[in-house]
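Reading the structure
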Amino acid sequence: DLSAVVKALDGHLQTLKFQIQTDNAFLEFVGYSEPDFEKVPGWFKQQLLKLGAVAKSNASLCLVLDSDVISLRPLEAEFLEEGKWPYKVMGTARFSGWFDASAAALRLSKEDINSERLKNAMGVTPEFLSPKITRELIDYINKLSHPDTWGRYLMKFFGAYSSTWTEYSLYWTWYSACG
């Protein structure tokens, strides 16, 4: 509920520039109409919307949170300054299936991927994503997906492997290969 979110944040984040939009604001960019998007499984909806929202951002860096993430301390503006954010390295070993599925969806071979860079992949949430890198990722997927849209193209991989891509494994796989 957009009005509840705005009310809850009002007054708490005055020092930060932020924007709140509904899911529908990104549907066309993701490549879906509202009725078609209703058929997309919920976990994938949120992943497509997060990538779309970050790609559409004018910020230099976006903090992406899932609805089940709770801040234990107040969020200060300095927290988002380049190089000062907390960073938990996840790497790929624990979720290798996600990264393998992402490489397959992106049509990247093991040789294309800088394994040293991928070792520094962040954890799942919260996550910091670069809009510039996210736009490059989506532009690349759009080239692979023609005539489909990037969102519909990615959904073709749903259930195609024992594991599947996630928004973060796509981002970090792309970054390790091309970023």
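Further up the page is the structure itself.
Let me sum up the structure you'll find in this document. Remember, it's a predicted structure, so these values are computed and weren't measured experimentally.

Quick word on the overall build of the protein chain
Counting its secondary structure elements, the protein chain contains nine helices and two strands. Across the 179 residues that make up the protein chain, the buried fraction comes to 39%. Considering only contacts in the protein chain between residues 6 or more positions apart, those separated by 24 or more positions represent 77%. Only carbon and sulfur atoms are counted for the fraction: they give 52% of the accessible area of the protein chain, which is about 10,800 Å².

Considering the packing of helix α4 (residues 42–56) against helix α9 (residues 167–178)
The interhelical angle for the contact between α4 and α9, taken along N-to-C directions, is 45 degrees, at an axis separation of 9 Å. Here α9 runs oblique to α4, going by the angle between their axes. Contacts between α4 and α9 involve Q47, K50 and L51 on the former and, on the latter, E167, Y168 and L170. The residue inventory of the contact of α4 with α9, partitioned by class, reads three nonpolar, one polar and two charged.

Reading the values: the criteria
- Residues numbered from 1 in each chain as written.
- Predicted model: local features only at pLDDT ≥ 70, side-chain atom pairs only at ≥ 80, totals over all residues.
- Heavy atoms only, no water.
- Helix = DSSP H or I, 4+ residues; strand = E, 2+ residues; numbered from the N terminus.
- Buried < 20%, exposed > 50% of the residue type's maximum accessible area, 1.4 Å probe, protein only.
- Contact = heavy atoms within 4.5 Å.
- Areas by Shrake-Rupley, 256 points an atom, 1.4 Å probe, with all protein chains shown as cover.
- Axes fitted to C-alpha atoms, helices over the stretch in contact; angles between N-to-C directions.
- Parallel < 35°, antiparallel > 145°, perpendicular 65-115°, else oblique.
- Nonpolar A, V, L, I, M, F, W, Y, C, P; charged D, E, K, R; others polar.

By themselves these figures say nothing about function.
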